[in-house]
Amino acid sequence: MKWFDKVDFKEITTLTLTLFAVIDVLGSIPVLISLKTKMGRISATQATLVSGALMLVFFFIGEQMLNFMGLDIHSFAIAGSIVIFILGLEMVLGIEFFRSDKDIKTGSVVPIAFPLIAGSGTLTTVMSLKADYNQYNILVAILINLVFIFITLRSIDLLERILGPSGVSVVRKFFGVILLAIAVKIFRANVGFKI
């Protein structure tokens, strides 16, 4: 029961809300609806498991893994920002860069699991939280967020019905601009570093 003594519910709440804000799965709903329209459906289980696995890998060995491949976290963040930028362009301009090959397995991994859910911001946050918080509390916070992600992905059809076709179109264009701004922000924050 030693690990249970280290569990701090106040810390878990703080960590859960921090990760929730960084992951921003609610803000990704228009993107997810757009991708679901192209692919036919989204595998909520696969997207959740892959994004969870990425978070855990980066939690335990993220920095060492990037160093081993000769990469730094800033290059990784810039690459993620480019994918997000392309998604934003698709949504705003109504053109297609990602091929809609109807491959649910591939689409649920890229771009849904990465970079939308477990993007560069999420993965760098998971790595940096280790400096200030207990690892057990971080792992519990990751698990809570994964449950919420799964529920959200499973509810995409319902959310699409609530918004309706015109609502989805308006929200998609609005959030496309937001995605472009997020991509530019991530790019600017990391491009000044050694590349």
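Residues numbered from 1 in each chain as written. Predicted model: local features only at pLDDT ≥ 70, side-chain atom pairs only at ≥ 80, totals over all residues. Heavy atoms only, no water.

### Looking at a nonpolar patch on the surface
A cluster of nonpolar side chains, namely Leu56, Val57, Phe60 and Ile61, defines an oily patch on the protein surface of about 320 Å² accessible area. Within the secondary structure, Ile61 sits in helix 4 (residues 44-68). Given the relative accessible area of 43%, Ile61 is considered partly exposed. (Patch = residues over 30% accessible without salt bridge, like charges linked within 9 Å, V, L, I, M, F, W, Y side chains within 5 Å. Areas by Shrake-Rupley, 256 points an atom, 1.4 Å probe, with all protein chains shown as cover. Salt bridge = Lys/Arg side-chain N within 4 Å of Asp/Glu carboxyl O. Helix = DSSP H or I, 4+ residues; strand = E, 2+ residues; numbered from the N terminus. Buried < 20%, exposed > 50% of the residue type's maximum accessible area, 1.4 Å probe, protein only.)

### Concerning the packing of helix 2 (residues 9-23) against helix 8 (residues 135-154)
The contact between helix 2 and helix 8 brings their axes to 8 Å, and the two run at 45°. On the basis of the axis angle, helix 2 is oblique to helix 8. Considering the relative orientation of helix 2 and helix 8, their crossing is right-handed. Counting all contacts with helix 2, which are made through Glu11, Ile12, Leu15, Thr16, Leu19, Phe20 and Ile23, the residues of helix 8 involved are Asn137, Ile138, Val140, Ala141, Ile142, Ile144, Asn145, Phe148 and Ile149. Broken down by class, the residue content of the contact of helix 2 with helix 8 amounts to twelve nonpolar, three polar and one charged. (Axes fitted to C-alpha atoms, helices over the stretch in contact; angles between N-to-C directions. Parallel < 35°, antiparallel > 145°, perpendicular 65-115°, else oblique. Left-handed = near helix turned anticlockwise from the far one by under 90°. Contact = heavy atoms within 4.5 Å. Nonpolar A, V, L, I, M, F, W, Y, C, P; charged D, E, K, R; others polar.)

### Quick look at the packing of helix 4 against helix 8
Contact geometry of helix 4 with helix 8 gives a least axis separation of 9 Å together with a crossing angle of 160°. In terms of orientation, helix 4 lies roughly antiparallel with respect to helix 8. Helix-helix and strand crossings are classified by hand; for helix 4 and helix 8 the assignment is right-handed. Where helix 4 abuts helix 8, its residues Ala44, Thr45, Ala47, Thr48, Ser51, Gly52, Met55, Leu56, Phe59 and Phe60 lie against Gln135, Ile138, Leu139, Ile142, Leu146, Ile149, Phe150, Leu153 and Arg154. When grouped by side-chain class, the residues that make up the contact of helix 4 with helix 8 number 13 nonpolar, five polar and one charged.

### Concerning helix 9 (residues 156-191)
Turn by turn, an α-helix covers 3.6 residues, leaving residues three or four places apart pointing in a common direction. Taking 1.5 Å of rise per residue, the 36 residues of helix 9 would be expected to cover 52 Å, yet its terminal C-alpha atoms sit only 34 Å apart, more than 12% below that figure. Of all the bends in helix 9, the greatest reaches close to 100° and is centred on Gly164; the proline Pro165 follows between one and four positions later. Turning to helix 9, its buried residues are Ile156, Gly164, Gly167, Val168, Gly176, Leu179, Leu180, Ala183, Ile186 and Asn190. Each element contacted by the buried residues of helix 9 is listed here: helix 3 (29-39), helix 5 (73-93), helix 7 (120-129) and helix 8. (Expected span 1.5 Å × (residues − 1). Bend = angle between axes of the 7 residues up to and from the residue.)

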